[in-house]
Each structure stands twice: as structure tokens, then as C-alpha cells.
2 protein chains.
Amino acid sequence: MSARIVLATRNTHKVGELRRILADAQLDVEVLDLAAYPDVPDVPETGVTFAENALLKAHAVARATGLPAVADDSGLCVDVLGGAPGVFSARWAGRHGDDLANLDLLLAQLSDVGEDHRGAHFACAAVLALPDGTDRVAEGRMHGRLIREALGANGFGYDPIFVPDGERRTSAQLTPAEKDAISHRGVAFRALVGHVRELV
Amino acid sequence: MSARIVLATRNTHKVGELRRILADAQLDVEVLDLAAYPDVPDVPETGVTFAENALLKAHAVARATGLPAVADDSGLCVDVLGGAPGVFSARWAGRHGDDLANLDLLLAQLSDVGEDHRGAHFACAAVLALPDGTDRVAEGRMHGRLIREALGANGFGYDPIFVPDGERRTSAQLTPAEKDAISHRGVAFRALVGHVRELV
């Protein structure tokens, strides 16, 4: 019987991305998600860094399930906003998870900002937490710039307004495989896979 | 006849504060405001620092009126947001000058942020621009922390949720004179007054 890990997120977009990335790594691991654990309570994201929030989520789920748990926290860091929205990316418009409202607000905030100042990066902290309380952290970034209107139907969050360096398309216009190859989450989780192999 | 300067703002709250601060300095200067110059166009605040925006506004008004012009740009810099809203303070909710929407949005964004991470400061860049194209810049800050609900009816902008260091009241609960004595705008404009005395 293969080892099992559980993905510590209820975000179906993230579950999909994490399953793809872990599948590519060809781990001999069964990947569960929180759909199998409806009683695990949501963890308030009270951290002020991506790593803090990912550690909070992964350890809470490892404790609650008794299984190694994998979590990520990620967000968009806008140069001219000093790195904000950052850990507040998913609640930028004030309510958690309203992607369209978050994206519209950011476009409006930056409407007067010229082309020279529209740099940004996505950042991801990926965590593997074990039931014994230990953990491993890996981080990834994807640099690029923000455009003025949403383009593309793939991806989620701020993907439709983010053009990665070296690309002419937004993250939401890339195929899933193209996005995984360069994305903050892809980079972080491929770095984490080595730890999963060792420890699970 | 005394010299004349013009305040390069249409924000009536700012006109009031600047007139108070300049009156306290007992300059022998007649202070006009843009109400006397309805044809001076609004200047887009395309800068990414307070000083850049204040310079843009002051020089535009000095050119348009032929008089020495005084401008400020100021905003709230939240530690956990990496200094944002910053120059975007007045348009944080996406529309310029909707104080209540801006404040409500910031409270919602920070709703999960604990007491240890609610530090912030107000910053102001004050500029005197002369019709010959020269200028002087002065800056001021007021440090403090953000509370979770709006308190007080004085002041404007984010004053009702900001408690200055050493105070138990919000900036909006201070009297105008108490606020001027410690505020970012008071500090910056008192520093600028020396230049006004020299140059006007």
C-alpha cells in the first residue's frame, strides 16, 4: 500500500493544480484532499507571511488527520504597492475568495500607474507537515507585470491580469502545463517533492 | 502688499488644515486656493512616491497661476501591507476620494490581523514650487497603529481608525490643534514654512 498525504486546502482550483504537479512528480503516494475530511475546521490565516500561513494550515491538518499534510499559501506581490496584496490576495476586496472583486479592485487601484511601474510577482510557500510536528518549507516565485484588463479563461485569482516575464500571454492564457512549468506554485511544489519522497 | 501663494489642492479638508498650519506660522503671505482658479486643470497623480505627486501638483499650479504654489501628497502606510495604501490612499477602494469606502476596505482587509501587526504611519510630502521652476520639499510622518472600528468625527480619511503613538484617542478624536501639533502634515508644513519665508 502506498503512503498517503492530504492536501490542506478547500480551494478546488488549488487542489487541481497541486494534484497535477504532484502527479507529474510520479510519487508513489495517494493524494487525498479535505473533501474526505469535512470535519477538519478551517484555519484562520492570521500569519503575515506566506510561510506562516502555509505552516498554520499544514500543521492543523496533519494534527487533525494524523497524515502528512501539504499546504500552500500564495499571492500576488505588486512592486508599487510594496508587496501588497501579498498574504491578503484572496481577501483584497474585503471578502475571502471573491476573485473577480479582488481583481477589479486591483485594476482600479492601479489605473493611474504607468507602464514603468506595473511590475509584480506571484509568490508561493509550500509546506509539508508531518503528524510528529516537523515540517519542510519550499518557496517559489513567478515574476512579470500587470496589464490593464483581464485576458484569458484558464487559471484563477489574478492570473488574467498577469503577464509572466518572457511571455506575451497572461497566466490565464497559458495552458495548465505551461503555467505549471513556470508558476510560483509549480516551482515551490517541485522543490517540496524531494522532501515528500524522503519523509512520507 | 503682502506676497501671495496658492494652495494646490481642491480637497477642502486639506485646504482647511494647510490654512491653519500656515496661519500659525504667522507668515506675511496671502494664501489663495484653487477656488480662485477654476480653470487650472486637475493633475493626474501618476507618481509612485508622495514627493513625486506633490511636485507634479505644485509645479503645475505654479505654471498655471504664475504664483508660488504649495502642494502636499500624503497617505497612510500600513506596515503589514508593505507601506500600502501609500500614494493610493485616496483611491484605495478604486474611486478617488471616497473616504468611507477606503476606510471600510482597509478595515476588512486587516480584519484577521492581530494586535502585534497593526502598526502604520501617515506620511506627507509638502512642496513649495516657484514659477521659475525651482522647488523645495519637506516631509513628515506620524506613527501609530490601526484599530478595528472608526472612532471620532474630526479629521478625515483614515483618521478615525488611526491611534497615534502616545495617544489613546484616534486622530479623528483629537482637536484640530492637537492633530496639527503631531500630524505628518503639520510636521512637513512647519518644515516648509522656513522655505516659504526665504523664497516668497
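Undergrad: Please give an account of the pairing of strand S3 (residues 69–78) of chain A that cites residues and values.
TA: All names here are of chain A. For S3, the buried fraction is high: ten of the ten residues fall into the buried class. Of the two faces of S3, both are covered, the one formed by Ala69, Ala71, Asp73, Gly75 and Cys77 as well as the one formed by Val70, Asp72, Ser74, Leu76 and Val78. With two bridges connecting them, strand S1 (residues 3–7) and S3 associate as parallel partners. Pairing of valine 6 across the sheet is with alanine 69, part of S3. With ten bridges joining them, S3 and strand S4 (residues 119–129) adopt antiparallel strand pairing. Paired with valine 78 across the bridge in S4 is alanine 120.

Undergrad: Give me the lowdown on the sheet that holds strand S2 (residues 29–33) of chain B, citing residues and values where you can.
TA: Residue and element names in this part refer to chain B. Pairing within the open sheet is mixed, and its six strands lie in the order S2-S1-S3-S4-S5-S6. Bordering the open sheet on either side are S2 and strand S6 (162–164), each of which pairs with just one other strand. Averaged over all neighbouring strand pairs, the angle between strand axes comes to 35 degrees, with direction disregarded. In the packing of helix H2 (residues 50–65) onto the sheet, contacts are made with strand S1 (3–7), strand S3 (69–78), strand S4 (119–129) and strand S5 (135–146), and the angle to S3 comes to roughly 160 degrees.

Undergrad: Describe the relation of the copies chain A and chain B, listing the residues and the values that go with them.
TA: Between the two copies, chain A and chain B, the superposition gives an RMSD of 0.0 Å; the rotation angle is 180 degrees and the shift along the axis is 0.0 Å. Taken together, the turn and the small shift mark the pair as related by a two-fold rotation axis. Considering only C-alpha atoms, the part of chain A nearest the rotation axis is A:Gly82, at 2.3 Å.

Undergrad: Kindly report on the interface of chain A and chain B, identifying the contributing residues and their values.
TA: Residue-level contacts link 19 residues of chain A with 19 residues of chain B. Surface buried jointly by chain A and chain B totals about 1,700 Å² across both partners, of which 65% is contributed by carbon and sulfur atoms. Looking at the side of chain A facing chain B, the largest losses of area belong to A:Phe88, A:Gln109 and A:Asp112, adding up to 31% of the total buried there. The interface formed by chain A and chain B contains two salt bridges. As a salt-bridge pair, A:Asp112 and B:Arg91 come within 3.4 Å of each other at their nearest N and O atoms. At the junction of chain A and chain B, the tally comes to four residue pairs in polar contact (both at pLDDT 80 or more). Across the side of chain A that touches chain B, the residue classes break down as eleven nonpolar, five polar and three charged.

Undergrad: Give me the lowdown on the packing of aromatic side chains, citing residues and values where you can.
TA: Under the criterion given, the structure shown has three aromatic pairs over all chains. Summarising the aromatic geometry, the rings of A:Trp92 and B:Trp92 are spaced 5.1 Å apart at their centres and angled 80 degrees between planes, so their arrangement reads as edge-to-face. Pair noted here: A:Trp92 is in the loop between S3 and helix H3 (99–109) and B:Trp92 is in the loop between S3 and helix H3 (99–109), and the two residues belong to different chains. Among the residues examined, A:Trp92 registers a relative accessible area of 0% and is labelled buried. Where B:Phe122 meets B:Phe162, the ring centres are 4.7 Å apart and the plane angle is 65 degrees; that geometry is what we call edge-to-face. With B:Phe122 in strand S4 and B:Phe162 in strand S6, this residue pair connects regions lying 40 residues apart in the sequence. Using a relative accessible area of 5% as the deciding quantity, one classes B:Phe122 as buried. The exposure class of B:Phe162 is buried, given its relative accessible area of 0%.

Undergrad: Tell me what's going on with the side chain of A:Thr170, and back it up with residues and numbers.
TA: Residues and elements named next belong to chain A. Its place among the elements puts threonine 170 in the loop between strand S6 (162–164) and helix H4 (176–182). Using a relative accessible area of 1% as the deciding quantity, one classes threonine 170 as buried. With residues up to four places along the chain from it excluded, the contact list for threonine 170 reads Ile147, Leu151, Gly152, Asp159, Pro160, Phe162, Val163 and Pro164.

Undergrad: Talk me through H3(A); I want residue IDs and the actual numbers.
TA: Restricting attention to buried positions, one finds in H3(A) the residues A:Asn102, A:Leu103, A:Leu105, A:Leu106, A:Leu107 and A:Gln109. In this fold, the buried residues of H3(A) make contact with S3 and strand S5 (135–146) of chain A together with H3 of chain B.

Undergrad: Explain the sheet that holds S5(A) to me, and be specific about the residues and the numbers.
TA: Across a sheet, strands are paired by hydrogen bonds formed along the backbone, either parallel or antiparallel in direction. Residues and elements named next belong to chain A. Read across the sheet, six strands follow the order S2-S1-S3-S4-S5-S6 without closing on themselves; strand pairing throughout is mixed. Every interior strand has two partners, whereas the edge strands, strand S2 (29–33) and S6, have only one. Across the sheet, the axes of successive neighbouring strands diverge by a mean angle of 35 degrees, strand direction being ignored. Strands in contact with helix H2 (residues 50–65) are S1, S3, S4 and S5; relative to S3, the strand with the most contacts, it is inclined by about 160 degrees.

Undergrad: Describe the environment of A:Asp112, with residues and values.
TA: Of note, A:Asp112 is situated in the loop between H3 and S4. Setting aside residues no more than four positions away along its own chain, A:Asp112 makes contact with B:Glu45, B:Thr46 and B:Arg91. In this structure the side chain of A:Asp112 is engaged in a polar contact, spanning 3.4 Å, whose partner is the side chain of B:Arg91.

Undergrad: Explain the confidence of the model for chain A to me, using residue names and the numbers behind them.
TA: Residues and elements named next belong to chain A. Scored by pLDDT, chain A has a mean of 93; 100% of the residues are at 70 or more. Least confident of the elements in chain A is helix H1 (residues 12–24), whose mean pLDDT is 85; most confident is S6, at 98. Both confidence scores are given for the complex: pTM 0.88, ipTM 0.82.

Undergrad: Go over unusual backbone geometry, please, and point to the residues and values.
TA: All names here are of chain A. The omega angle of the peptide bond from alanine 84 to proline 85 is 0 degrees, so this bond is cis rather than trans. With respect to the element layout, proline 85 can be found in the loop between S3 and H3. The phi angle at glutamine 26 is positive, at roughly 50 degrees, despite the residue not being glycine. Along the chain, glutamine 26 falls in the loop between H1 and S2. With a relative accessible area of 68%, glutamine 26 lands in the exposed category.

Quick notes on the rules
- Residues numbered from 1 in each chain as written.
- Chains lettered and ligands numbered in written order.
- Predicted model: local features only at pLDDT ≥ 70, side-chain atom pairs only at ≥ 80, totals over all residues.
- Heavy atoms only, no water.
- Buried < 20%, exposed > 50% of the residue type's maximum accessible area, 1.4 Å probe, protein only.
- Helix = DSSP H or I, 4+ residues; strand = E, 2+ residues; numbered from the N terminus.
- Pairing = 2+ DSSP bridges.
- Axes fitted to C-alpha atoms, helices over the stretch in contact; angles between N-to-C directions.
- Contact = heavy atoms within 4.5 Å.
- Least-squares fit on C-alpha atoms with pLDDT ≥ 70 in both.
- Buried area = accessible area lost by both parts, 1.4 Å probe.
- Salt bridge = Lys/Arg side-chain N within 4 Å of Asp/Glu carboxyl O.
- Polar contact = N/O pair within 3.5 Å; in protein donor to acceptor, adjacent residues only side chain to side chain.
- Nonpolar A, V, L, I, M, F, W, Y, C, P; charged D, E, K, R; others polar.
- Phe/Tyr/Trp six-rings, centres within 6.5 Å; stacked < 30°, edge-to-face > 60°.
- pLDDT = per-residue confidence, 0-100.

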